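One-letter residues, chain by chain:
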Amino acid sequence: MMFASPRWFAASIRISFLFVATILCTSVALGQTQSNAADLTGVVRDPTGAAVVNAAVKARNIATNFTRAAITNDEGNYQITNLPPGDYEVTVEAEGFSRGRIPSVTLTVGQRADLDIPLTVGSVNATVDISAAEVALVEPTNTTVSSTIDQKRINELPINERSATGFALTLSTVGRDNGRPIGPAPTSGLNIGGQRGRSTLVQVDGADYTDNSINAARS
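Residues numbered from 1 in each chain as written. Predicted model: local features only at pLDDT ≥ 70, side-chain atom pairs only at ≥ 80, totals over all residues. Heavy atoms only, no water.

1. Let's talk about the overall build of the protein
(1) Moving on: The helix and strand inventory of the protein stands at three helices and 19 strands.
(2) Moving on: The buried share of the protein, taken over its 219 residues, is 40%.
(3) Moving on: Contacts in the protein between residues far apart in sequence, at least 24 positions, make up 58% of those at least 6 positions apart.
(4) Moving on: For the protein, the accessible area works out to roughly 11400 Å², and carbon and sulfur atoms hold 52% of it. (Helix = DSSP H or I, 4+ residues; strand = E, 2+ residues; numbered from the N terminus. Buried < 20%, exposed > 50% of the residue type's maximum accessible area, 1.4 Å probe, protein only. Contact = heavy atoms within 4.5 Å. Areas by Shrake-Rupley, 256 points an atom, 1.4 Å probe, with all protein chains shown as cover.)

Listed below in structure tokens is the structure:
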């Protein structure tokens, strides 16, 4: 199963693979997918590990200055959704605490990441930088095996076919599918982990790219 954004020159590409044996498993997998955006969630905590309520969390795209914000709830949880892929500066402000700042957090296409943020007691006018060693960006609910093709590879790889399937072929687990077409309909063109092209599901920007009647790629 592949999820990708067609904005090849403006965003990274996230390609995910999930091998399923039943229709039920497929339904569960599709429930976990997104389109071309990322979500950032987590808990803001004080030095004792207790949750910080009403903390203002802001994520700012370093390259574009695009910003989204959220307020922590009674359990200290925050959720910022629909973030375009990229590098973000994450800041947190709360009464009685110094302003916390994580200089760079990288979010990729379709990612739902958890980022717990610790705060230090002090003046709100002071800023405390939080290093990557102090926080961990994880995806605890994602069961897919995925790989991200970043902007550098999109710009520099010598690929004639500038498409999602073309870039997917740069991954070690993906090859060209040589399965016979059914009438004029081709397969997805991808052999993923040994699976035939007609045994894979392709989504582009969250929309189904597969003709379900013959499991071939749509035009």
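Let us keep going from here.
2. Details of the environment of Arg-153
(1) Moving on: Here Arg-153 shows up in helix 2 (residues 151-156).
(2) Moving on: With a relative accessible area of 29%, Arg-153 lands in the partly exposed category.
(3) Moving on: For the pair formed by Arg-153 and Phe-167, sequence separation is 14 residues and the distance between their alpha carbons is 9.1 Å.
(4) Moving on: Apart from residues no more than four positions distant in its own chain, Arg-153 is found in contact with Thr-148 and Phe-167.

3. Observations concerning unusual backbone geometry
(1) Moving on: Positive phi values are uncommon outside glycine, yet Asn-54 reaches one of about 60 degrees.
(2) Moving on: Summarising the element assignment, Asn-54 is placed in the loop between strand 3 (38-45) and strand 4 (56-61).
(3) Moving on: Even without being a glycine, Asn-65 presents a positive backbone phi close to 70 degrees.
(4) Moving on: Within the element layout of this structure, Asn-65 appears in the loop between strand 4 and strand 5 (67-71).
(5) Moving on: Accessibility expressed as a relative area gives 49% for Asn-65, which makes it partly exposed.

4. Considerations on the sheet that holds strand 5
Strands in a sheet are paired, the pairing made by backbone hydrogen bonds, and the direction either parallel or antiparallel.
(1) Moving on: Strands sit in the order 5-4-7-8-11 across an open sheet of five strands; the sheet is mixed. With one partner strand each, in any of the chains shown, strand 5 and strand 11 (127-129) form the two edges of the open sheet. Across the sheet, the mean angle from the axis of one strand to that of its neighbour is 25 degrees, orientation sign disregarded.
(2) Moving on: Bridging between strand 4 and strand 7 (residues 86-93) involves six bridges; their strand directions are antiparallel. (Pairing = 2+ DSSP bridges. Axes fitted to C-alpha atoms, helices over the stretch in contact; angles between N-to-C directions.)

5. Remarks on the environment of Pro-103
(1) Moving on: Here Pro-103 lies in strand 8 (residues 99-107).
(2) Moving on: Taking relative accessible area as the criterion, Pro-103 reaches 33% and is therefore assigned partly exposed.
(3) Moving on: Put simply, Pro-103 and Asp-129 are 26 residues apart on the chain and 7.1 Å apart in space, counted from C-alpha to C-alpha.
(4) Moving on: In this structure Pro-103 touches Ile-62, Tyr-88, Glu-89, Asp-129 and Ile-130, once residues within four positions along its chain are discounted.

6. Remarks on the pattern of salt bridges
(1) Moving on: In total, this model carries five salt bridges according to the counting rule given.
(2) Moving on: The partner of Arg-112 in a salt bridge is Asp-39, and the shortest N-O contact between them spans 3.3 Å. In this pair, Arg-112 sits in strand 9 (residues 112-115) while Asp-39 sits in strand 3, placing the two residues 73 residues apart along the sequence.
(3) Moving on: Note on Arg-112: relative accessible area 34%, which makes it partly exposed.
(4) Moving on: For the salt bridge of Arg-60 with Glu-89, the shortest nitrogen-to-oxygen distance reads 3.2 Å. Of this pair, Arg-60 sits in strand 4 while Glu-89 is found in strand 7, placing the two residues 29 residues apart along the sequence.
(5) Moving on: Its relative accessible area of 12% is what places Glu-89 among the buried residues.
(6) Moving on: One network of salt bridges, with partners in common, ties together Arg-60, Glu-89, Arg-101 and Asp-129. (Salt bridge = Lys/Arg side-chain N within 4 Å of Asp/Glu carboxyl O.)

7. Quick word on the side chain of Asp-46
(1) Moving on: Tracing the sequence through the fold places Asp-46 in the loop between strand 3 and strand 4.
(2) Moving on: Of the buried charged residues, Asp-46 lacks a salt bridge, with Arg-45 as the closest side chain of opposite charge at 7.7 Å.
(3) Moving on: Sequence-distant contacts of Asp-46, defined by excluding residues within four places in its chain, comprise Val-52, Phe-97 and Leu-119. (Lys, Arg positive; Asp, Glu negative; His and termini not counted.)

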